[in-house]
Amino acid sequence: ILNVEQSPQSLHVQEGDSTNFTCSFPSSNFYALHWYRWETAKSPEALFVMTLNGDEKKKGRISATLNTKEGYSYLYIKGSQPEDSATYLCALPVMINSGAGSYQLTFGKGTKLSVIP
Amino acid sequence: DAGITQSPRYKITETGRQVTLMCHQTWSHSYMFWYRQDLGHGLRLIYYSAAADITDKGEVPDGYVVSRSKTENFPLTLESATRSQTSVYFCASSRQGPNSPLHFGNGTRLTVT
């Protein structure tokens, strides 16, 4: 089982504040890193899939960076809004049978963001 | 574009009963996954499938059985439900390999009494 750590576990910020959180993972056998946003009572939705060291992805006010050599990724939210309140998950694939393309996607426990109006 | 659908959305069953949760996707995605969501554990992988007729155990497979006779369907069966299997179950699919994002169904909330 791959150890995917996310910190902090939860975060409360004021509307308009910028914030960031971390996903840490073993740097060996890296294939990709996924970020998902999970609103309460809904299903997780993909934000980014990152594959290359130094990758930066952006979607509106949300961006992410990746450092595969040291085994971490940061997710940034600029000017947080109440609608950004959600749990943010990172996940990494573990190849089980590369010949058959079989893999597992292991999730961290997430960072729960609450944006206070 | 129906996407990925799970049924039922809610299910209450008794201990010892067999229950099947359905998952259907219309994209012809190769990969499908079953996760359960539990407080303090996040999403844990039960079973996954790389293609029709290819399935593998995930982190928490005990008490569950899956099949994948057709690409679009990936049912999850609880052979003899226990209270510890009370959870929200999510099915997901992805088009290609580990670089493709997962698309999740809406979840099935299962209560075992």
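Residues numbered from 1 in each chain as written. Chains lettered and ligands numbered in written order. Predicted model: local features only at pLDDT ≥ 70, side-chain atom pairs only at ≥ 80, totals over all residues. Heavy atoms only, no water.

Residues and elements named next belong to chain B. Taken across its 8 residues, strand E4 (residues 31-38) has 7 buried, putting it largely inside the fold. Of the pairings in the sheet, the one linking E4 to strand E9 (residues 87-94) comprises 7 bridges and is antiparallel in character. Paired with Trp34 across the strands is Cys91, a residue of E9. Hairpin connection from E4 to strand E5 (residues 42-51): 3 residues lie between these consecutive antiparallel strands, with Gly40 at a positive phi of about 85°. (Buried < 20%, exposed > 50% of the residue type's maximum accessible area, 1.4 Å probe, protein only. Helix = DSSP H or I, 4+ residues; strand = E, 2+ residues; numbered from the N terminus. Pairing = 2+ DSSP bridges.)

Turning next to the interface of chain A and chain B. Taken together, the contact between chain A and chain B spans 24 residues of the former and 27 residues of the latter. Both faces considered, chain A and chain B share a buried interface measuring about 1,900 Å² in area, 62% of it formed by carbon and sulfur atoms. Looking at the side of chain A facing chain B, the largest losses of area belong to Trp38(A), Tyr103(A) and Phe107(A), adding up to 29% of the total buried there. At the junction of chain A and chain B, the tally comes to 0 salt bridges. For the pair chain A and chain B, the interface holds 9 residue pairs in polar contact (both at pLDDT 80 or more). Among the secondary structure elements, those contributing two or more residues to the side of chain A that touches chain B are strand E4 (33-38), strand E5 (45-50), strand E9 (86-97) and strand E10 (102-107) of chain A. With 5 residues, E10(A) is the largest single contributor of residues to the side of chain A that touches chain B. (Contact = heavy atoms within 4.5 Å. Buried area = accessible area lost by both parts, 1.4 Å probe. Salt bridge = Lys/Arg side-chain N within 4 Å of Asp/Glu carboxyl O. Polar contact = N/O pair within 3.5 Å; in protein donor to acceptor, adjacent residues only side chain to side chain.)

Before going further, it helps to examine the nonpolar core. Core analysis: the largest hydrophobic core is formed by 23 residues, its most contacted members being Leu33(A), Trp35(A), Leu75(A) and Tyr88(A). Mapped by element, the contributors of at least two residues to this core are strand E2 (10-14), strand E3 (19-24), E4, E5, strand E7 (62-67), strand E8 (72-77), E9 and strand E11 (111-116) of chain A. For this core, the element with the most residues is E9(A), which contributes 4 residues. With near-sequence residues (within four places) excluded, Leu33(A) lies in contact with Cys23(A), Phe25(A), Phe48(A), Val49(A), Met50(A), Leu66(A), Ser73(A), Cys90(A), Ala91(A) and Leu92(A). By size, the runner-up hydrophobic cluster in this structure holds 20 residues, among which are Leu105(A), Tyr31(B), Leu45(B) and Tyr48(B). (Core = buried A, V, L, I, M, F, W, Y, C linked by side-chain atoms within 4.5 Å.)

Read these as layout, nothing more, since geometry by itself doesn't imply function.
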